[in-house]
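# Examining the three-dimensional arrangement
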Amino acid sequence: KKVLIKIASTWEGIQAAKVLEAEGIHVNMTLLFSMCQAIACAEVGATLISPFVGRIMDWYTAKTGTKYVDGKNDPGVESV
């Protein structure tokens, strides 16, 4: 009851989580970078969703060229 299986929030991982949770095996979804991933994980009944807050900011910076020096308006922090 105290063990969570850590699974990447890829399409395949989310499908595996659906099967495992239906069988009573609890999962922790990781490698989560977007709201659509979080919603998909929630829809399959994942016990825990673990976004990578720092990685979200890295991705956002790479895609937009915007760099944050402090935590204000950090897209990773805003995501949670």
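Residues numbered from 1 in each chain as written. Predicted model: local features only at pLDDT ≥ 70, side-chain atom pairs only at ≥ 80, totals over all residues. Heavy atoms only, no water.

## Things to note about the nonpolar core
With 11 residues, the main nonpolar core is built from Ile7, Ile14, Ala17, Leu20, Val27, Met29, Leu32, Ala38, Cys41, Val44 and Ala46. Of all elements in the fold, only helix 1 (11-22), strand 2 (27-32) and helix 2 (35-43) reach the threshold of two or more residues within this core. The residues contacting Ile7, other than those within four sequence positions of it, are Gly13, Ala17, Leu20, Val27, Asn28, Met29 and Thr30. (Core = buried A, V, L, I, M, F, W, Y, C linked by side-chain atoms within 4.5 Å. Buried < 20%, exposed > 50% of the residue type's maximum accessible area, 1.4 Å probe, protein only. Helix = DSSP H or I, 4+ residues; strand = E, 2+ residues; numbered from the N terminus. Contact = heavy atoms within 4.5 Å.)

## Structural notes on the state of the cysteines
If you walk through the whole model with that rule in mind, you get 0 disulfides. Counting only cysteine sulfurs, Cys41 is the nearest neighbor of Cys36, a cysteine outside any disulfide, at a range of 9.6 Å. (Disulfide = S-S within 2.5 Å.)

## Notes on the environment of Val27
Considering the arrangement of structural elements, one finds Val27 in strand 2. Note: C-alpha distance between Val27 and Ile5 (22 residues apart in sequence) is 4.5 Å. Excluding residues within four positions of it along the chain, Val27 makes contact with Leu4, Ile5, Ile7, Ala17, Leu20, Glu21, Ala46, Thr47 and Leu48.

## Considerations on helix 3 (residues 53-64)
For helix 3, spanning 12 residues, the distance from its first C-alpha to its last is 17 Å, which sits close to the expected 16 Å at 1.5 Å a residue. Following helix 3 by one or two positions, Gly65 adopts a phi angle in the positive range, close to 80 degrees. (Expected span 1.5 Å × (residues − 1).)

## Some thoughts on helix 2
Buried within helix 2 we find Gln37, Ala38 and Cys41. Take helix 2 and look down its axis: the buried residues cluster within an arc of 100 degrees, on one side only. Facing away from the buried side of helix 2 by more than 90 degrees, the exposed set consists of Met35, Cys36 and Glu43. Buried residues in helix 2 make contact with helix 1, strand 2 and strand 3 (48-51). Positive backbone phi, at 85 degrees, marks Gly45, one or two positions downstream of helix 2. (Arc of directions from axis to C-beta.)

## Considering the confidence of the model for the chain
A residue-level look at the chain finds 89% of positions with pLDDT of 70 or above and a mean pLDDT of 87. Between the elements of the chain, mean pLDDT differs from a low of 69, seen in helix 4 (residues 75-79), to a high of 98, seen in helix 1. (pLDDT = per-residue confidence, 0-100.)

## Some details on the sheet that holds strand 3
Strand pairing in a sheet relies on backbone hydrogen bonds. The paired strands run either parallel or antiparallel. The sheet built from 3 strands is open, its strands ordered 1-2-3 with parallel pairing. In this open sheet, the two edge strands, each paired with only one partner strand, are strand 1 (5-8) and strand 3. Neighbour-to-neighbour, the strand axes of the sheet open up by a mean angle of 25 degrees, direction not taken into account. Note that strand 2 and strand 3 share 3 bridges and pair parallel. Note that in strand 3 the partner of Met29 across the bridge is Ile49. Contacts from helix 1 reach strand 1 and strand 2 within the one sheet, and its direction differs from that of strand 2 by about 170 degrees. (Pairing = 2+ DSSP bridges. Axes fitted to C-alpha atoms, helices over the stretch in contact; angles between N-to-C directions.)

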